[in-house]
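Okay, here's what each chain looks like letter by letter:
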Amino acid sequence: MGPIVAMTITLAAVYLPIGLQGGLTGALFREFAFTLAGAVFISGIVALTLSPMMSSRLLKAEHGHGAMARAVDATFAAVKRAYDRALAGTLQRRGVVYTVWIALTVMVVPLYMLSPAELAPNEDQGIIFGAIDVPPNATLEQLAPYTAAVNRIFMDTPEFVHSFQLTFPAGGFGGMLVKPWEERKRSIFPIQEEVFGKLSRIPGIRAPAFLPSALPSAGTFPVEFVIASTASHDELIGYAQKLVLEAVKSGQFAFPPLTDVRIDQAKSEIVIDRDKVASMGLTLQQVGADLSSMLGGNFVNRFNIDGRSYKVIAQIERAGRLTQDQLADIHVSGPNGQVMPLGAVATVRAGVEPRTLNRFQQLNAIKISGLAPRSLDGGLRVLEDAATRVLPPGYRVDYTGESRQLRQESGKFLPAMGLALVLIFLVLAAQFNSFRDPFVILAGSVPLAMFGAMIFTFLKFAGPPGLRFPLTEGWTTTLNIYSQVGLVTLVGLVAKNGILIVEFANAQQEKGLAKLEAVRVRRRRGRSQLDRHRSRRRDDHRDSVHPVHRPRRLRPHRQGSPPRPRRRDSCTRRHRRANRRRR
């Protein structure tokens, strides 16, 4: 009864930290954790109350076994014999066992640190997204051929079904929907690589293709790294470009990361000569009103044609205001009610300005966005290391979108694991009335189980952009929120097995057996109830048929030869040994 209670409380204590977490992990796994904890608790009650009663009513002592049951029993018996031999050899080399245990325990730390991390593994959702990064001062007319080329690449894909595009002068966003899983032979990953390669060869624009996040996210790209400071945007841009260069040198990104603040937007500034305007008897208000009418695109009034109302917007045609010389030729009101060119009283000064000026948490900020094919965590580490070396004091780094969720959730794994270990240790200490036994259970099973599980995260290697490694794609995974919850659950499962072993060994030592002898007794008593039942039936059969109490007839001997001595039957010896064992 004691081990069952301990195992029930242990498994429930493992799921408790998962259910109490906040953020995205708590939102995803809260119902899962509390449901399993309740199921384990109910299972423990059933094991202590209902199962014994059902066994006494439903199971029979005499029952036959079919060919399949005998084959399964024979297989398990062979495995058990092999395990017994391996365990016996292991117990004779305890020094080697301790050395291997220490080495594997220490190896858990580098395996955890070197495992690629991400928020959640990419999934085949049947959609590919694409963003369009355009040159400054681009117009919709200029972007139309490029967006048409992007759409043609989408439509030339064999798995294409639908596409969508949102285009505006500052950029664009689009995507492609592919056929359902059962109607295509390729997964979304090779399709995305093919589309990305074709889009990268379009001259004049950058149109990276990427997969949507497996979990809801507010960002566009997987990597969204923010640098913020009270300094001006001109100074921030210089440091952002240095970080982009470091990212390109690392080879961790599929394309050079994008910055959302760039001072490359061309502008033309009209500088009016006040003295000339005053000498002509004009006012700045009048000149400004003329320029506003011709360049501002302001709403004047409405007019009616055939019962429909239309807006009147006074403005020069676009073809007449594209260059600085055209702006200088605009005619404004001059002296004596005549018109004159704008160049007579003003000059047009060319320059550049930022496309946008962004802020993050009340600080001037620049966001660096990109795509890291190897690992999202690896891409963020490149930018973090570069920021540590490049950024001066007073600058701070932050994250948005999927990158922010990854950094928030990755810091919760170790506290959840530590809380689970503490709860299990306290439960086992109360069960065994000792601090040594819980330490033996956890230290002897948890590190080895963690090592075995993290091998599959450590061997996850995607390689540089454009390369694939099928050898490790199918059976490895990253360190994400799903695998982290699995590792926490693994602690409770391996601790459950340790509880049974330690409890039985302690019981045998209380009977006076040594430690190794208690383990050997555990092995001998590990045979199934069916084997013990069959042995008991064979002994009862010998008791019923062996002629112990019947007179034994002697063979006649020849005249003159001594009689042969009475030979003790081997069956009698076996029968007496069996009786002594039962006693």
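Small disclaimer: the values here were computed from a predicted structure and weren't measured.

Rules of the game
Residues numbered from 1 in each chain as written. Predicted model: local features only at pLDDT ≥ 70, side-chain atom pairs only at ≥ 80, totals over all residues. Heavy atoms only, no water. Helix = DSSP H or I, 4+ residues; strand = E, 2+ residues; numbered from the N terminus. Buried < 20%, exposed > 50% of the residue type's maximum accessible area, 1.4 Å probe, protein only. Pairing = 2+ DSSP bridges. Salt bridge = Lys/Arg side-chain N within 4 Å of Asp/Glu carboxyl O. 1 Å grid on protein atoms, 1.4 Å probe; cavity = no way out; pocket = protein on both sides within 12 Å on 5 of 7 lines; lining within 4 Å. Points joined across faces, edges and corners; volume = space filled by probe spheres on them. Axes fitted to C-alpha atoms, helices over the stretch in contact; angles between N-to-C directions. Parallel < 35°, antiparallel > 145°, perpendicular 65-115°, else oblique. Left-handed = near helix turned anticlockwise from the far one by under 90°. Contact = heavy atoms within 4.5 Å. Nonpolar A, V, L, I, M, F, W, Y, C, P; charged D, E, K, R; others polar. Polar contact = N/O pair within 3.5 Å; in protein donor to acceptor, adjacent residues only side chain to side chain. Phe/Tyr/Trp six-rings, centres within 6.5 Å; stacked < 30°, edge-to-face > 60°. pLDDT = per-residue confidence, 0-100. Core = buried A, V, L, I, M, F, W, Y, C linked by side-chain atoms within 4.5 Å. Patch = residues over 30% accessible without salt bridge, like charges linked within 9 Å, V, L, I, M, F, W, Y side chains within 5 Å. Areas by Shrake-Rupley, 256 points an atom, 1.4 Å probe, with all protein chains shown as cover.

Draft legend 1. Representation of unusual backbone geometry. Positive phi, normally seen in glycine, also occurs at aspartate 306, with a value near 55°. Mapped onto the fold, aspartate 306 is located in the loop between strand E8 (299-305) and strand E9 (308-313). Unlike most non-glycine residues, glutamine 361 shows phi in positive territory, near 55°. Looking at the element boundaries, glutamine 361 is found in the loop between strand E13 (359-360) and strand E14 (363-370).

Draft legend 2. Quick peek at the pairing of strand E1 (residues 127-132). Taken across its six residues, E1 has five buried, putting it largely inside the fold. Where E1 and strand E3 (residues 171-178) come together, six bridges link them in antiparallel fashion. Bridging from a neighbouring strand, phenylalanine 129 pairs with glycine 175 of E3. For E1 and strand E4 (residues 209-210), the ladder comprises two bridges, and the chain directions are antiparallel. Residue pairing in the sheet places glycine 130 in a bridge with alanine 209 of E4.

Draft legend 3. Structural detail: the environment of valine 106. When you line up the elements, valine 106 lands in helix H5 (residues 94-114). C-alpha separation for the pair valine 106 and proline 447, spaced 341 residues apart in sequence, amounts to 8.6 Å.

Draft legend 4. Main features of the pattern of salt bridges. Within the structure shown, the criterion is met by 15 salt bridges. Arginine 262 is paired through a salt bridge with aspartate 133; the nearest N and O atoms lie 3.0 Å apart. With arginine 262 in the loop between strand E6 (258-259) and strand E7 (263-272) and aspartate 133 in the loop between E1 and helix H6 (140-156), this pair connects stretches of sequence that are 129 residues apart. The buried category is assigned to aspartate 133, whose relative accessible area is 12%. Between glutamate 194 and arginine 186 there is a salt bridge, and its shortest N-O distance comes to 2.7 Å. Relative accessible area serves as the criterion here: at 26%, glutamate 194 is assigned to the partly exposed category. Owing to a relative accessible area of 27%, arginine 186 belongs among the partly exposed residues under this scheme. Three or more residues joined by partner-sharing salt bridges are found here, namely Glu159, Arg186, Glu194 and Lys198.

Draft legend 5. Molecular detail of empty space enclosed by the protein. Scanning the entire structure with this criterion turns up two cavities of 30 Å³ or more. Taken as a whole, the largest cavity encloses approximately 60 Å³ of empty space. If you go around the largest cavity, the residues you meet are Ile18, Gln21, Thr25, Glu409, Phe413, Ala416, Gln484, Val485 and Val488. Taken together, the elements giving at least two residues each to the lining of the largest cavity come down to helix H14 (413-432) and helix H16 (481-510).

Draft legend 6. How the structure looks around the packing of helix H1 (residues 2-20) against H14. At a minimum axis separation of 9 Å, H1 and H14 run at an interaxial angle of 160°. As summarised for this structure, H1 and H14 are arranged roughly antiparallel, according to the angle between their axes. Crossing handedness for the pair H1 and H14: right-handed. Touching Gly2, Pro3, Ala6, Ile9, Thr10, Ala13, Val14, Leu16 and Pro17 of H1 are Ala416, Leu419, Ala420, Leu423, Ile424, Val427, Leu428 and Gln431, all from H14. Taken together, the residues of the contact of H1 with H14 break down into 14 nonpolar, three polar and no charged.

Draft legend 7. Structural context of the side chain of serine 229. Counting through the fold element by element, serine 229 comes out in strand E5 (residues 223-229). Among the residues examined, serine 229 registers a relative accessible area of 4% and is labelled buried. A polar contact is formed between the side chain of serine 229 and the backbone nitrogen of alanine 231, at a distance of 3.2 Å. For serine 229, the contacting residues outside a window of four places in its chain are Leu236, Leu363, Asn364, Gly394 and Tyr395.

Draft legend 8. Representation of the sheet that holds E4 in the model. Taken in spatial order, the four strands of this open sheet run E2-E3-E1-E4, and their pairing is antiparallel. Where the open sheet ends on each side, the last strands, each with one partner, are strand E2 (160-168) and E4. Its contacts with the sheet put H6 on E1, E2 and E3, and the angle it makes with E2 is roughly 165°.

Draft legend 9. Inspection of the packing of aromatic side chains at higher detail. Tallying each qualifying case throughout the model produces 15 aromatic pairs. Among the aromatic residues, those joined into a ring-pair cluster are Phe129, Phe164, Phe173, Phe196, Phe210, Phe221 and Phe255.

Draft legend 10. Quick look at the confidence of the model for the chain. Per-residue confidence for the chain gives a mean pLDDT of 80; residues scoring 70 or more make up 85%. Contacts of residues 525-570 to residues separated by more than four positions or lying in other chains number 29 contacts, the stretch itself having pLDDT below 50.

Draft legend 11. Just the nonpolar core, in detail. Of all hydrophobic cores here, the largest spans 65 residues; its most connected members are Phe225 and Ile227. Among the elements that line this core, the one with the most residues is H16, at nine residues. Counting 28 residues, the second-largest nonpolar core is a separate cluster that includes Ala138, Val150, Leu199 and Leu211.

Draft legend 12. The arrangement of the environment of isoleucine 499 in detail. Counting through the fold element by element, isoleucine 499 comes out in helix H16. Taking the relative accessible area as the measure of exposure, isoleucine 499 reaches 0% and is therefore buried. Sequence separation between isoleucine 499 and valine 440 is 59 residues, and the spatial gap between their C-alpha atoms is 9.7 Å.

Draft legend 13. Main features of the side chain of serine 369. Within the fold, serine 369 resides in strand E14. With near-sequence residues (within four places) excluded, serine 369 lies in contact with Phe221, Val223, Glu224, Pro257 and Leu258.

Draft legend 14. Just a nonpolar patch on the surface, in detail. Taken together, the side chains of Phe41, Ile42, Ile45, Val46, Leu50, Met53, Met54 and Leu58 present a nonpolar region at the surface, about 740 Å² in accessible area. For valine 46, the position within the fold is in helix H2 (residues 23-48).

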